[in-house]
Amino acid sequence: MPATWGKNTLTNQALTMMNQALGISAITFIKAVTITDDITGDSVSQLQALTSVNYKQSRTPKAIATQDNKSRLGVTIDNSDVNEDYIYYGVGLYAKQNSTNQEVLFSVIPLTAGATMIAKENNATTASIYLDLYTDIVRGTQVTIMVSNSGTLSREDVQQMISQSIGNALNYPNETASIGTDFNAILDISITRIINDTTVVNAPSGFSGTGYLTTIGSGDKTVPIMQTLDDTINNIRSTRYFNSTTNVWSEWNAYAKTIDVNQQLDKKVNVNDTVNWQKQKITADDGSVLVNVPSGDLSNVISNLTIGFYTLYCATAVINSPSIKALRGFIHITWYGSAGHNVGGGTLIDEDGIAYTVTAVQGVVAYKSLADDLKVAHLSGANNFETVPTVDKNPLLLANSLPSDLARTGQDTNFTGKLQKSGIDVATVNQLPVADDSGWVAFPSNSNLYLNAYYKIFNGVLYTMGTAEPKNTNGTTEKILNVQSIISYRGYNSLSNDIQYHQNYQNSNGSEYYLDFNNSYSEEITVGFGAGVDDVIGINLTIPIHEK
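Parameters and conventions
- Residues numbered from 1 in each chain as written.
- Predicted model: local features only at pLDDT ≥ 70, side-chain atom pairs only at ≥ 80, totals over all residues.
- Heavy atoms only, no water.
- Helix = DSSP H or I, 4+ residues; strand = E, 2+ residues; numbered from the N terminus.
- Buried < 20%, exposed > 50% of the residue type's maximum accessible area, 1.4 Å probe, protein only.
- Contact = heavy atoms within 4.5 Å.
- Areas by Shrake-Rupley, 256 points an atom, 1.4 Å probe, with all protein chains shown as cover.
- Pairing = 2+ DSSP bridges.
- Polar contact = N/O pair within 3.5 Å; in protein donor to acceptor, adjacent residues only side chain to side chain.
- pLDDT = per-residue confidence, 0-100.
- Axes fitted to C-alpha atoms, helices over the stretch in contact; angles between N-to-C directions.
- Salt bridge = Lys/Arg side-chain N within 4 Å of Asp/Glu carboxyl O.

Student: Hey, could you run me through the overall build of the chain in this one?
Tutor: Helix and strand content of the chain: six helices and 35 strands. For the chain, with 548 residues in total, the buried portion stands at 35%. Counting contacts in the chain only where the partners sit at least 6 residues apart, residues at least 24 apart contribute 52% of the total. When the accessible surface of the chain is totalled, it reaches about 32100 Å², and 49% of it is carbon and sulfur.

Student: What should I look at first to understand the pairing of strand S33 (residues 524-529) in this one?
Tutor: Taken residue by residue, a regular strand's side chains alternate between the two faces of the sheet. When you tally the buried positions in S33, you get six out of six residues, the bulk of the element. Going residue by residue along S33, you find Glu524, Thr526 and Gly528 tucked away on one face and Ile525, Val527 and Phe529 tucked away on the opposite face as well. Two elements, strand S30 (residues 476-482) and S33, share six bridges in a ladder whose sense is antiparallel. By the bridge assignment for S33, lysine 479 is matched with threonine 526. The sheet contact formed by strand S32 (residues 512-518) and S33 spans four bridges and is antiparallel. Looking across to S33, one finds that tyrosine 514 is bridged to glycine 528.

Student: Help me understand the side chain of asparagine 342 in this model?
Tutor: In this structure, asparagine 342 sits in strand S20 (residues 341-350). A distance of 3.0 Å separates the side chain of asparagine 342 from the backbone oxygen of isoleucine 302, its partner in a polar contact. When neighbours within four sequence positions are excluded, asparagine 342 is seen to be in contact with Ile302, Ser303, Asn304, Leu305, Ile333, Trp335, Tyr336, Ala360, Val361, Gln362 and Gly363.

Student: Any chance you could explain the confidence of the model for the chain here in plain terms?
Tutor: Detailed conclusions should not be drawn from predicted coordinates in areas where pLDDT is low. On average, residues of the chain score 80 in pLDDT, and 78% of them reach the 70 mark or higher. Scored below 50 in pLDDT, residues 161-174 makes 34 contacts in the model with residues more than four places away or belonging to other chains.

Student: Would you mind showing me how to read the sheet that holds S30 here?
Tutor: Where strands meet in a sheet, backbone hydrogen bonds hold them as pairs that are either parallel or antiparallel. The strand order across the open sheet formed by four strands is S30-S33-S32-S31, and the pairing between neighbours is antiparallel. The open sheet terminates on both sides in strands that have one partner only, identified here as S30 and strand S31 (500-506). Adjacent strand axes in the sheet meet at a mean angle of 10°, parallel and antiparallel pairs treated alike.

Student: Please explain unusual backbone geometry as it appears in this structure.
Tutor: One non-glycine residue, asparagine 196, lies in the positive phi region at around 45°. As for its placement among the helices and strands, asparagine 196 is situated in the loop between strand S11 (188-194) and strand S12 (211-218). In this model, asparagine 320 sits at a positive phi of 55°, which is unusual for a non-glycine residue. With respect to the helices and strands, the residue asparagine 320 is situated in the loop between strand S18 (308-314) and strand S19 (327-338). Residue classification places asparagine 320 among the partly exposed positions, given a relative accessible area of 46%.

Student: Please clarify how the side chain of threonine 181 should be interpreted in this entry.
Tutor: Looking at the secondary structure, you find threonine 181 in the loop between helix H3 (155-170) and S11. Owing to a relative accessible area of 14%, threonine 181 belongs among the buried residues under this scheme. Residues in contact with threonine 181, not counting those within four places in the same chain, are Ile186, Asp197, Val200 and Val201.

Student: Just to check I follow, could you spell out the pattern of salt bridges for this structure?
Tutor: Where charged atoms from two side chains of opposite charge approach closely, those side chains can pair. Following the criterion strictly, the structure yields seven salt bridges and no others. Notably, a salt bridge pairs arginine 59 with aspartate 81, separated by 3.2 Å at the nearest N-O pair. On the criterion of sequence distance, the pair formed by arginine 59 in strand S3 (residues 55-59) and aspartate 81 in the loop between strand S5 (70-78) and strand S6 (86-97) is long-range, its members being 22 residues apart. Exposure remark for arginine 59: the relative accessible area of 17% places this residue in the buried category. The exposure class assigned to aspartate 81 is partly exposed, which follows from its relative accessible area of 44%.

Student: Is there a simple way to think about the sheet that holds strand S21 (residues 355-361) in this case?
Tutor: Reading across from one edge, S17-S18-S19-S20-S21-S22 is the order of the six strands in this open sheet, with mixed pairing throughout. The open sheet is flanked by strand S17 (291-293) and strand S22 (364-369), the only strands paired with a single partner. Neighbouring strand axes in the sheet, compared pairwise and without regard to direction, differ in orientation by 20° on average. Across six bridges, S21 lies against S22 in antiparallel orientation. Looking at the pairing, valine 358 lines up with tyrosine 367 of S22.

What follows is the structure in structure tokens.
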């Protein structure tokens, strides 16, 4: 259901202003605004209590005419400054007391539902709200109601005056045009109803004879005049203007219907639509190739192409061509520095159907022929050749044809003969003890010790160096290196007999700690710390492990 206008409601602030202006000052309407707050459900008391409203647009009211002590206040709020549609819920009138210059929300005229102010189209005004206020309280642009000496005006008195004024505007038309009316003769502000009269004069071509003529003027031709005719049968709105300087009416201009505009816009190509369009040709206008090389040097032509995608033809007489036959294909250049320096690639196919890839890199153009399908091995399924591949006409040896005594990586192999590399015998594990390792290796980490120790084996001797320190003073005994495991890994069979090392220490508090190694029972290097000990032990041992 379309929105309709409610009654104009005077605010509490308006009455206060008029009380203050009693016999002293006049009140001036300063602006009319489109209200964007939803006031459609507010009660009268809520509207009266408003002190301000949020609004989207603002216009200054104009005094149109003054006759018989009645002033007409007109204001048009159009969409000339609206770039996006928005919803408004009424119109508010602001006024000020001239003596104090105080601005207040004077009254509000609510709608029964939100209405849409549409955006302008192609910078043209296509929608507007027009209020025509007939009131006794306005002379020029000033409210001249003065509160009587006996007291203040009641809200009902003032509201009735404003409502009647607004009501006269909103309840137009209050007159119907006579048969054959000349629109050029209607100069005063008015809304005139035309009913089934095709004899009206100076109407737009095709007017159905039924509709409403809205005129904004001052009653004579000394000021500009605007007329809007709404043809309610054909659903067409037309506008024209009277130029008071040239004394000439303009032609009627019909407003475009939204549905018609949208249909046309759907067919229109806008500038923004073409921003990302490809604008470079890849063929000539007649559909032939863009680059034709009938003679000369093909590589030179390609190396001088700028960034773009090109279709290309190369004749048989051209040098630096990959084929003695004519070629057709395409080249895509993705970088260009200067003449003879670009980067790109493409594909060319000669008249025998042989395809060539083309690469251009900084002036060097190279060609490579693609494999002939008739000369490559074909698979019939996953990695399954249809025939046994050959090399120089000799078939390749298949896995199921390998000799049984061939060494395989997935199983143990016993070589009955010696194994050599470059004519030199390869050493076996049993021969490794003579190949001592001269590199130092860190002791395994220990969670209870700060262990900074290393070992190495050289010429049948295990050397150790470094330190060990407990991480707390609770007392602990830690095995820090398994000597037997190390020498076995290095290929030694066993330690020399009866090797032992033990050193006791005592700190200033009398607590003991020690370093120990004995191959007779543990074959491990051990450190022990008594409770309360946080001293450092040096781990510097020389342990013979092989007697030569």
